[in-house]
Amino acid sequence: MGFIITVVLILAALVAVARIRAPLGTWTLVVGIALLFLTTLTRTLPGALAFLLWVLFLFVMVPLNFPDLRKRFLSKPTLGYIRRILPPISPTEREAIEAGTVWWEAELFRGDPDWQKLSSVPAPALSDEEQAFLDGPVEELCTRLDDWQITHELNDLPREVWDYLAEHGFYGLNIPKRYGGHEFSAAAQSDIVMKVASRSGTAGVTVMVPNSLGPAELLLHYGTDDQKNYYLPRLARGEEIPCFALTNPYAGSDAGAIPDYGIVCKGEYQGAEVIGLRVTWEKRYITLGPVATLLGLAFKAYDPDHLLGDQEELGITCALIPTDTPGVDIGNRHYPLNGAFQNGPNSGKDVFIPMEWVIGGEEWLGKGWRMLMNSLAVGRGISLPASATAGAKVAARTSGAYGRVREQFNVPIGKFEGIEEALARIGGLTYLMDAARRLTTSALVQGEKPSVISAIVKLHLTEGARQAINDAMDIHGGRGICMGPKNYLARGYQQIPIAITVEGANILTRSMIIFGQGAMRCHPYLLDEIAAASEGDSEQALERFDKILMGHLGYATVNKVRAFIYGLSNGWLAPAPEKGELKRYYRDLTRYSAAFAFLSDIALLVLGGALKRKEKLSGRFADALSYMFLCSAVLKHHDDAGRPSADLPLVHWACQYCLYHVQTALDGVLRNFPIAILGGLLRIVVFPIGRRHRMPDDELGHEVASLLLSPSDTRDRLTQGIYITENPDDVTGALEDALHKVIAAEPVWRSIRDAGVKKPDFEDFDAWLSRLIESDVIESADADVLRQAHAATRNAIMVDDFEPEVGAARTAHEAA
Ligand SMILES: Cc1cc2nc3c(=O)[nH]c(=O)nc-3n(C[C@H](O)[C@H](O)[C@H](O)COP(=O)(O)OP(=O)(O)OC[C@H]3O[C@@H](n4cnc5c(N)ncnc54)[C@H](O)[C@@H]3O)c2cc1C
């Protein structure tokens, strides 16, 4: 009993010093007193262990308090070790690492998230003008979009849609009003892209690309006044169609290695000799390229004749080139997975461009990579997350409705447990994705350029959409497979790999970018340590490094103690805000955040620069950080929505799903730790009582699936912001119409069943209804309800068929 009380008191003291992040002196005092109690006063520790602990205390912990001793025996050797394991960082890597800002993910990374900080982030809100644009031009655009016509018949947007986009300023959503643009917030841009993409992926891409990383975004931040004043109004009015070309056949993911080049030289421009560049390039996959009038081009600039100065290799440079410039070869198209958005290759050989076409002018020559990296976070945080969430919302809304109206074995298929599993995944993931989309736009609205968060949402929301659309396809069976005007799923299913591939392909983003950049940017000491280790003067380097190292040791110790104690108490001792039944998820996140901070520190220490090539390990760290972010987004989303209790099954499902994946990721790190014995020891700290998180159980899955099967406020909130209509002649409207009519018919069917009547297979439906009316089983109004439900269901479940010549004609046309 005395032992237990002593241990509890010691743990409490350690938690207290860990929570206040006490200085080293206080730690030494507390640990010394604890040892004294355990070994001499209560004599509870076995002799050998007591001896070992005293040795560690007296010869490691106490000397740390004496700077000279510490520098000689700890800081100096550690500095030497750090110098040996330091990753070589190229200038392009450094610019990529330093680009953008860190935000809420840094709190999760560092082990002690301040929940008040998250809570105080304002929910993204639209201005009256933005809402009016969504309800007006965006809604109207959606009614005009016929995705089958676009992707199958025209292989392009109809001319009038191109005109409509230009007329209503869809290309200038992010351009300031003074240049004639809408100057909409990130939240509004995200909502607009989501709604348009829910109707047509092709239209979604066409709207998102000019407003994402491209000429307008680059001009806004880096353009000269002349460039801004000339191009931004033209872009806003849709008089220029922009594209941005970085990818070369030999440089895709490794975009910093593009072989496209520009040589500084003199040439003729508008009748005068000026300094410019002779540019040669070969690009592919360029969205809007085939119709672009303004080509944003990235190439490497060289000055071999020293026309500008001593430097020969100037670096990646971005320029704006009118596509009618002699020598620009533009025009052919790629055909990306039946998406009809314009995409294609372009090239040029020795095309002379004057210096004034370089974005930002000569001052920004060679600084294009920094421009691109700094601008990437914003667009990447808006476009793909919005279109991926649109895909998941469409999957959720249609799969739920289809699960209710489609019957097999005389039961709506949505009631079968097998279908329930898929429906629950769609519902839970959709909630999670929308939550992450909104939290990211909140960061953008606050002026952040969150490069790590934008990579997280790019990866996980496109993967979430892939899962949701796959599940939706399975639920729809043949209805999702047969293509034609009635099919609302197949194009999304076909095209999801595009979102997976662009703006940082997902494998690369997961295994290299998120943790790599996250560690550099979010870790409170790493960058400073690297800077100190790179310092030339040894004395100064040691002095600086010693200070940072002490902070780092304190940070690591605190995280270790917290991770262990929170783990031991299954999260109960972890601080969390009062959030009712959701409080436990905040606790679990605080616990995992401490475990993540501790574990990532050890991995960085052991592996150093080699971690860059340990992509499986880095990928698991990325998963842990990502799912902590996603889980916190879910909790915030529920709060922002006013904590509706009807949505709780979705919140529980999403939180449990995320926490299970955090646990799996950390478990994977430990299982595959490069030094196995260390992995085993770290496991005692991270999972002292084992792994206790489970995937959402069947009962919770049932509750989530049920929410998708009936109209409700929760279903509307879950799918808010996509295009919804009940028009039975519309591709998704037919399903909404059927859902309402089928539900209205259910009581009538029940009364027929209660009367013990069954429709004979051989009898016509109408004739049978007449017979039921005659025999007073139902009233004629009830028969109408059944007739309407029957017709609406048929309208919703039928697929398209085509005359044999249609296919033949198309084949012949394509062959020609
Ligand atoms: C439809 C479409 C539209 C596009 N639009 C544009 C545009 O407008 N402008 C533009 O400049 N570009 C555009 N792109 C190019 C796009 O950004 C590239 O496709 C992307 O960068 C990936 O390059 P890649 O296709 O050459 O694949 P690769 O670089 O060859 O990669 C193939 C696979 O290897 C993986 N991989 C690569 N390196 C690593 C690593 N170190 N670790 C782990 N995995 C790795 C990738 O994740 C990927 O899964 C577009 C592409 C497509 C398909």
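Residues numbered from 1 in each chain as written. Predicted model: local features only at pLDDT ≥ 70, side-chain atom pairs only at ≥ 80, totals over all residues. Heavy atoms only, no water.

(A) Structural detail: the side chain of Glu 763. The topology assignment puts Glu 763 in the loop between helix H29 (733-754) and helix H30 (765-774). Dropping the residues within four chain positions of it, Glu 763 is found in contact with Trp 768 and Arg 771. (Helix = DSSP H or I, 4+ residues; strand = E, 2+ residues; numbered from the N terminus. Contact = heavy atoms within 4.5 Å.)

(B) Highlighting the pattern of salt bridges. Inspection of the entire model under this criterion finds 38 salt bridges. Asp 667 is the partner of Arg 691 in a salt bridge, and the nearest nitrogen-oxygen pair spans 3.6 Å. Here Arg 691, found in the loop between helix H26 (676-686) and helix H27 (698-709), pairs with Asp 667, found in helix H25 (residues 648-671); they are 24 residues apart in sequence, far enough to count as distant. On the basis of relative accessibility, which here comes to 38%, the residue Arg 691 falls in the partly exposed class. For Lys 741, the salt bridge identified is with Asp 737, shortest N-O distance 3.0 Å. Linking Lys 741 with Asp 737, this pair stays in helix H29, spanning four residues, or about one helical turn. According to the relative accessible area criterion, Asp 737 is buried, its value standing at 10%. One continuous salt-bridge network, built from bridges that share partners, spans Asp 191, Lys 393, Asp 434 and Arg 437. (Salt bridge = Lys/Arg side-chain N within 4 Å of Asp/Glu carboxyl O. Buried < 20%, exposed > 50% of the residue type's maximum accessible area, 1.4 Å probe, protein only.)

(C) Quick peek at the packing of helix H11 (residues 186-197) against helix H16 (residues 417-445). Running from N to C, H11 and H16 point in directions that differ by 145°, and their axes come no closer than 8 Å. Residue-level inspection shows Ala 186, Ala 187, Ser 190, Asp 191 and Met 194 of H11 in contact with H16, the latter providing Asp 434, Arg 437, Thr 441, Leu 444 and Val 445. Grouping the amino acids of the contact of H11 with H16 by side-chain chemistry returns five nonpolar, two polar and three charged. (Axes fitted to C-alpha atoms, helices over the stretch in contact; angles between N-to-C directions. Nonpolar A, V, L, I, M, F, W, Y, C, P; charged D, E, K, R; others polar.)

(D) Layout of the site of the ligand. Contacts to the ligand come from 22 residues, most closely from Leu 246, Thr 247, Ser 253, Tyr 285 and Glu 615. Backbone polar atom of Phe 244 to a nitrogen atom of the ligand: 2.8 Å apart, as the coordinates give it. Residue Tyr 285 places a main-chain N or O atom 2.7 Å away from a nitrogen atom belonging to the ligand. Surface burial for the ligand is 69%, taken as the share of its 970 Å² of free accessible area covered by protein chains. Ranked by residue count, the leading element in the shell around the ligand is helix H20 (residues 506-522), at four residues. In terms of residue class, the shell around the ligand is made up of 13 nonpolar, seven polar and two charged. (Near = heavy atom within 4 Å. Polar contact = N/O pair within 3.5 Å; in protein donor to acceptor, adjacent residues only side chain to side chain. Areas by Shrake-Rupley, 256 points an atom, 1.4 Å probe, with all protein chains shown as cover.)

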